[in-house]
Amino acid sequence: MPEGRIVKAISGFYYVRMPDMDIRCRARGVFKKRKWSPLVGDIVTFERTENGEGWVTDIHPRKTELMRPPIANVEQAIVVGSLKQPELTLDLLDRFLVHAEREGLDILICLTKEDLVEDEKLIDQVRAIYDPTGYPIITTSIEKNTGIEELKRELAGKLSVFAGQSGVGKSSLLNAVLPHLALATGEVSRKLGRGRHTTRQVELLDLPGGGQVADTPGFSQLSFMEMEETELSACFPEMALRAPRCKFRGCLHRNEPGCAVLEACENGEIDKGRHQRYLQFLEEIHDNRRY
Ligand SMILES: Nc1nc2c(ncn2[C@@H]2O[C@H](COP(=O)(O)OP(=O)(O)OP(=O)(O)O)[C@@H](O)[C@H]2O)c(=O)[nH]1
Ligand SMILES: [Mg+2]
Ligand SMILES: [Zn+2]
């Protein structure tokens, strides 16, 4: 039976990419019963039907899986945040970084709308926060066409997903990388200072030199439902690096004596804001587990 990758999912149809065309498939009811449904990015086996469409009969084991945005098998997350319009929200950025890190994805931070930044210091400040994480950071502007070549190099040959709040410029970046695309982009509401959820679905796009990249709808909330408190600090690389030197095994880096992470926060090696958000996420996970 034929196999292929799902590149798009719309109202119960899954579009499976074949060398010459996409086959529109439905999923068997058995998936629904098992509460297991195909995701964009999945490799599936399907049965052809007489009308040229198909039935998905099997989902191959996933290498990685994200629920927000919903996508399977990506290797790299491009975490997109705009420097202005909307203002950068580090809380959401860090939430997504945690999820991507937990799935073991390669991570690239992309700071957009550089042309709107009046004071260069803003970029230096953000870089200083994330330098200790080791994540590569690129700044882009579609107005000035900066950072686009660098982004293309980072995307080449990999399966990547763009993730970030609505209006930060994910679709605009993809249009700059793949000019023939003409994905819809939306204004950022001046009154509310946020995007208008222009992109409505996850869609995998082929890159000319090999590799694929997914455009996704923006999101504004991300929780840690399936996580344990003890897992969290491993998702902050600058903390994970220092945790083995904490006095107590299983240290949660809150206020324990001899904590190497707290020490690094004090002497400026770890950004205090990042640690604050870590503590806040930890509390959320704790509260989730009580119910
Ligand atoms: N000045 C400036 N504006 C930009 C830049 N990139 C995107 N924009 C604008 O930001 C707005 C939102 O861009 P989109 O690409 O639709 O944002 P998105 O992240 O795809 O948003 P959703 O699909 O809603 O998640 C549009 O008006 C773009 O023209 C940039 O580099 N500079
Ligand atoms: Mg979009
Ligand atoms: Zn510690």
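Residues numbered from 1 in each chain as written. Chains lettered and ligands numbered in written order. Predicted model: local features only at pLDDT ≥ 70, side-chain atom pairs only at ≥ 80, totals over all residues. Heavy atoms only, no water.

Looking at the metal site, the zinc ion (ligand 3) is ligated by Cys246 (SG), Cys251 (SG), His253 (ND1) and Cys259 (SG), spaced 2.1 to 2.4 Å from it. One chain supplies every donor for the zinc ion (ligand 3), spaced along it as C-x4-C-x1-H-x5-C. Per residue, the accessibility class of His253 equals that of Cys259, and both read buried. (Donors = N, O, S within 2.8 Å, 3.2 Å for Na, K, Ca; no water. Buried < 20%, exposed > 50% of the residue type's maximum accessible area, 1.4 Å probe, protein only.)

This brings us to the domain arrangement of the protein chain. Per the domain assignment, the segments of the protein chain are domain 1 (3–59), domain 2 (65–215) and domain 3 (229–290). With centres defined by C-alpha atoms, the gap from domain 1 to domain 3 works out at 42 Å. (Domains from an automatic or database assignment.)

What follows deals with the coordination of the magnesium ion (ligand 2). Ser171 (OG) and Thr199 (OG1) make up the full set of protein donors to the magnesium ion (ligand 2), lying at 2.0 to 2.2 Å. Here Ser171, found in helix H5 (residues 170–177), pairs with Thr199, found in the loop between H5 and strand E12 (203–206); they are 28 residues apart in sequence, far enough to count as distant. For the pair Ser171 and Thr199, a shared accessibility class is recorded, and that class is buried. (Helix = DSSP H or I, 4+ residues; strand = E, 2+ residues; numbered from the N terminus.)

Once that is clear, we can look at the pairing of strand E4 (residues 43–48). Pairing of strand E1 (residues 3–10) with E4 involves 3 bridges; the strand directions are antiparallel. Counted as the bridge partner of Glu3 is Thr45 from E4. Counting the residues that bridge the hairpin from E4 to strand E5 (residues 54–59) gives 5 residues, and of these Gly52 lies at a positive phi of roughly 85°. (Pairing = 2+ DSSP bridges.)

What follows deals with the environment of Arg127. In this structure, Arg127 sits in helix H3 (residues 121–130). Assessed through its relative accessible area of 29%, Arg127 is described here as partly exposed. In the structure, Arg127 is positioned 16 residues away from Leu111 in sequence and 9.8 Å away in space, judged by C-alpha atoms. Those residues in contact with Arg127, other than ones at most four positions away along the chain, are Ile137 and Thr139. (Contact = heavy atoms within 4.5 Å.)

This part takes up the pairing of strand E11 (residues 159–163). Within E11, 5 of the 5 residues are buried, which leaves the element mostly enclosed by the surrounding structure. The side-chain alternation of E11 yields two buried faces, one formed by Leu159, Val161 and Ala163 and the other by Ser160 and Phe162. Summarising the sheet, E11 and strand E13 (residues 212–215) pair through 3 bridges and their orientation is parallel. The residue of E13 that forms the bridge with Val161 is Ala214.

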